[in-house]
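Spelled out from the first residue to the last, the chains are:
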Amino acid sequence: QVQLVESGGGSVQAGGSQKLSCQASGSTGCMAWFRQVPGKEREVVATIDVFTSPTYIDSVVGRFTIYRNNAKKTTSLEMDNLKPEDSGMYYCAAENPPGSRPCGTEWVFYTYWGQGTQVTVST
């Protein structure tokens, strides 16, 4: 079993930036970031496959960038120009190698999950 440990997050004013990081204990296929708010389904924010091809939910295009480092077994999410609607609990997710191309955008595609980290964007 692969363990995922997240770091980063916190409170930021609208227009600010945050970086989330995720360390995996083993090799993975697709990696992704999801977010969830109370009363809503967990939704994908960004995905990245083993060849570093990214996808993004429409609302974050041009503001968020996902990265991965296969040697270090990490993924990170750089979030710029944050908006209040970006607030939520952010989860790192991964699947077993070799993974899918393109990566899945539903939570059921992913086997491993980080503990979650809160991002709060205030006006």
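Check the entry above for the structure.
Residues numbered from 1 in each chain as written. Predicted model: local features only at pLDDT ≥ 70, side-chain atom pairs only at ≥ 80, totals over all residues. Heavy atoms only, no water.

A look at unusual backbone geometry
Residues Pro97 and Pro98 are joined by a peptide bond in cis, for which omega reads 5 degrees. Note that Pro98 resides in the loop between strand 9 (88–94) and strand 10 (112–113). One non-glycine residue, Lys73, lies in the positive phi region at around 60 degrees. Look at Lys73 and you get partly exposed, because its relative accessible area is 31%. (Helix = DSSP H or I, 4+ residues; strand = E, 2+ residues; numbered from the N terminus. Buried < 20%, exposed > 50% of the residue type's maximum accessible area, 1.4 Å probe, protein only.)

Quick notes on the state of the cysteines
A complete count under the given rule lists 2 disulfides for this structure. Across the disulfide from Cys22 sits Cys92; the S-S distance is 2.1 Å. Disulfide Cys22-Cys92: the torsion about the S-S bond is -80 degrees, which places it as left-handed. Here Cys22 is found in strand 3 (residues 18–24), whereas its partner Cys92 is found in strand 9, with 70 residues between them in sequence. (Disulfide = S-S within 2.5 Å.)

Here's the deal with the nonpolar core
One finds Leu4, Trp33, Phe64, Leu77, Met79 and Tyr90 to be the most contacted residues of the largest nonpolar core, which totals 23 residues. Only strand 3, strand 4 (31–36), strand 5 (43–48), strand 7 (64–69), strand 8 (74–79), strand 9 and strand 11 (117–122) provide two or more residues apiece to this core. Beyond its immediate sequence surroundings of up to four residues, Met79 is in contact with Gly16, Ser17, Gln18, Leu20, Arg63, Phe64, Tyr90 and Val119. Counting 7 residues, the second largest nonpolar core, distinct from the first, contains Cys30, Ala32, Val44 and Tyr110. (Core = buried A, V, L, I, M, F, W, Y, C linked by side-chain atoms within 4.5 Å. Contact = heavy atoms within 4.5 Å.)

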